Amino acid sequence: MGELSILILDDDEKWLALHERRLRQAGFKCRATQLAKEAIEIAKTDPRVKFALLDEILFVPPVPVEGKTGELQRWQGSGVVREIANHRSDVQIIMVTSAPQLRSQGDSQLFSKETAKLRRQRGVIDIIHKQAIDQDPDGEYGWLVELITRPLSDIKIEIVKPRVLIGLGVNPEVLNGSKYKRLRQCLKETGTSEYELDRTVQRFLEKLQPTEKAVFIEMPGSKKLDRTSSIKPDAQSFQILEILAQRAEQGAEVEICEKDYHYSARKSGTGVDTSTELDPRVVEDIVFGFNSQGRKVLKLGVQIEGRSQTSSRLKVAIHRLSQQLVKLNVGTPGQLFSSEQGCYRPTFDMGIVLYAIEAGKLQKKRA
């Protein structure tokens, strides 16, 4: 396919050969290596390389057999990602690895966290798990070929616009066997026309009664969703995201203003209100004292410059939410929301996704 070339890095020669054979059968030229140092050099010096398939855990070849220890290479997959991203912003990276499975040791929550950690690296457009290839090689390599054949402009657009989704956990029967479904897709499957979608969203959500709620991040170029536990459903940040997500699905202006935000005072671990407003009596005690004649005077070192305006509660909440989203790699500080006349608009895409609750978990919640 033209001059485009794909870099493949895997310390296991069997996986290296499998990746290369599948990609060559699809018509791609490949440059394969078992050595991280060589992969970095190829990416730096060969302008034809536009995609890279990288493993995360890299041993010095030959790879040790199961139960044996081996020597790790100086550069692991994440280090190779960093080096390539620093020198070649035009190279799109796909991690093909079993690292999350090995590191999580059967813990599904840890598996998701390890996967998310890899996906949020600069330059990475998706993660493909080796165990998924073992289970469905045609499906996974088919997706890989689809990723590579997408127009580069499409990928660049997605990189600029991550998507934050409010997830609504429902009975698997609602999704007809699917693990996830976007809200609008569900509505279309119930016979709702494109014309009626915007007006139907609110009625559908009111009847839905989800079992639980969560925040999901859809990273650029990826078909997978990362569930985050850092924004809890009862938090003010979640309230803001939920309002914005509903408006996005309703086709309305995606913004939140003071009148839309229902503030509830945050409580500390001791039950103390940590609101941004101070009790006037507390301020008076801090600022004023009594002199030897018993008169109330300003305390030494205190200067009153005029009454300052109380910070907008929504502004404070948006700032707190932005800090959380920065940690989730959704965007950079100061760039996640635009504001105008007290209203805030996200610079990232939003929406609602329905996800299936596992049967055991569903029974536990009902109990």
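Okay, so let's go over this structure. (Residues numbered from 1 in each chain as written. Predicted model: local features only at pLDDT ≥ 70, side-chain atom pairs only at ≥ 80, totals over all residues. Heavy atoms only, no water.)

With mixed pairing, 5 strands are arranged side by side in an open sheet as E7-E14-E6-E8-E9. Each having just a single partner strand, strand E7 (180-182) and strand E9 (225-228) make up the two edges of the open sheet. Ignoring which end each strand starts from, the neighbouring axes of this sheet average 35 degrees apart. In this sheet, strand E8 (residues 212-218) lies alongside strand E6 (residues 163-170) in antiparallel orientation, the contact comprising 7 bridges. (Pairing = 2+ DSSP bridges. Helix = DSSP H or I, 4+ residues; strand = E, 2+ residues; numbered from the N terminus. Axes fitted to C-alpha atoms, helices over the stretch in contact; angles between N-to-C directions.)

Right, let's talk about the state of the cysteines for a bit. For the coordinates displayed, the defined rule picks out 1 disulfide. Between the sulfur of Cys 257 and that of Cys 343 lies a disulfide, 1.9 Å long from S to S. Measuring the twist about the S-S bond at about 110 degrees, one finds the Cys 257-Cys 343 disulfide to be right-handed. Of the two residues, Cys 257 sits in the loop between helix H11 (236-249) and helix H12 (280-287) while Cys 343 sits in strand E13 (residues 343-346), which places them 86 residues apart along the sequence. With respect to class, Cys 257 is no different from Cys 343; both count as buried. (Disulfide = S-S within 2.5 Å. Buried < 20%, exposed > 50% of the residue type's maximum accessible area, 1.4 Å probe, protein only.)

Turning our attention to the pattern of salt bridges. Summed over the entire model, instances satisfying the criterion amount to 25 salt bridges. Between Arg 184 and Glu 249 there is a salt bridge, and its shortest N-O distance comes to 3.5 Å. Here Arg 184 is found in helix H9 (residues 183-189), whereas its partner Glu 249 is found in helix H11, with 65 residues between them in sequence. Taking relative accessible area as the criterion, Arg 184 reaches 21% and is therefore assigned partly exposed. The closest approach of N and O atoms between Arg 227 and Glu 212, which form a salt bridge, is 3.2 Å. Placement of the pair is Arg 227 in strand E9 and Glu 212 in strand E8, with a sequence separation of 15 residues. Judged by its relative accessible area of 38%, Arg 227 falls in the partly exposed class. Its relative accessible area of 10% is what places Glu 212 among the buried residues. Salt bridges here are not isolated pairs; linked through shared partners, they connect Glu 56, Arg 103, Glu 114 and Lys 117. (Salt bridge = Lys/Arg side-chain N within 4 Å of Asp/Glu carboxyl O.)

A few words now on unusual backbone geometry. Cis geometry is found at the peptide bond from Pro 61 to Pro 62, where omega equals 0 degrees. Unusually for a residue other than glycine, Gln 105 sits at a positive phi of about 50 degrees. Relative to the elements of secondary structure, Gln 105 occurs in the loop between helix H4 (99-104) and helix H5 (108-119). The class for Gln 105 is exposed, based on a relative accessible area of 72%. Within the chain, Gln 209 stands out as a residue other than glycine whose phi angle is a positive 50 degrees. Mapped onto the elements of the fold, Gln 209 is located in the loop between helix H10 (197-208) and E8. Judged by its relative accessible area of 66%, Gln 209 is exposed.

Once that is clear, we can look at the sheet that holds strand E3 (residues 49-54). Taken in spatial order, the 5 strands line up as E2-E1-E3-E4-E5 in an open sheet, and their pairing is parallel. Looking at which strands have only one partner, the edges of the open sheet turn out to be strand E2 (29-33) and strand E5 (124-129). Across the sheet, the mean angle separating the axes of adjacent strands is 20 degrees when strand polarity is ignored. Across 4 bridges, the pairing between E3 and strand E4 (residues 92-97) is parallel. Looking at E4, one finds that Leu 54 is bridged to Met 95. Most of the contacts of helix H2 (residues 36-45) go to strand E1 (residues 5-9), to which it runs at about 165 degrees, and overall it touches E1, E2 and E3. Seen against the sheet, H5 touches E4 and E5 and runs at an angle of roughly 145 degrees to E5. (Contact = heavy atoms within 4.5 Å.)

The subject of this paragraph is the environment of Glu 358. Mapped onto the fold, Glu 358 is located in the loop between strand E14 (349-356) and helix H14 (359-366). Measuring from C-alpha to C-alpha, the distance between Glu 358 and Val 170 comes to 9.2 Å, with 188 residues separating the pair along the chain.

What follows concerns the packing of aromatic side chains. All told, the structure shown has 3 aromatic pairs when counted by the stated rule. Between Phe 337 and Phe 348, the ring centres sit 5.6 Å apart and the planes meet at 80 degrees, which makes this aromatic pair edge-to-face. Within this pair, whereas Phe 337 is found in strand E12 (residues 337-340), its partner Phe 348 is found in the loop between E13 and E14, the two being separated by 11 residues in sequence. A single burial state applies to Phe 337 and to Phe 348, both of which are buried. Among the aromatic residues, ring-to-ring pairing joins Tyr 180, Phe 216 and Tyr 355 into one connected group. (Phe/Tyr/Trp six-rings, centres within 6.5 Å; stacked < 30°, edge-to-face > 60°.)

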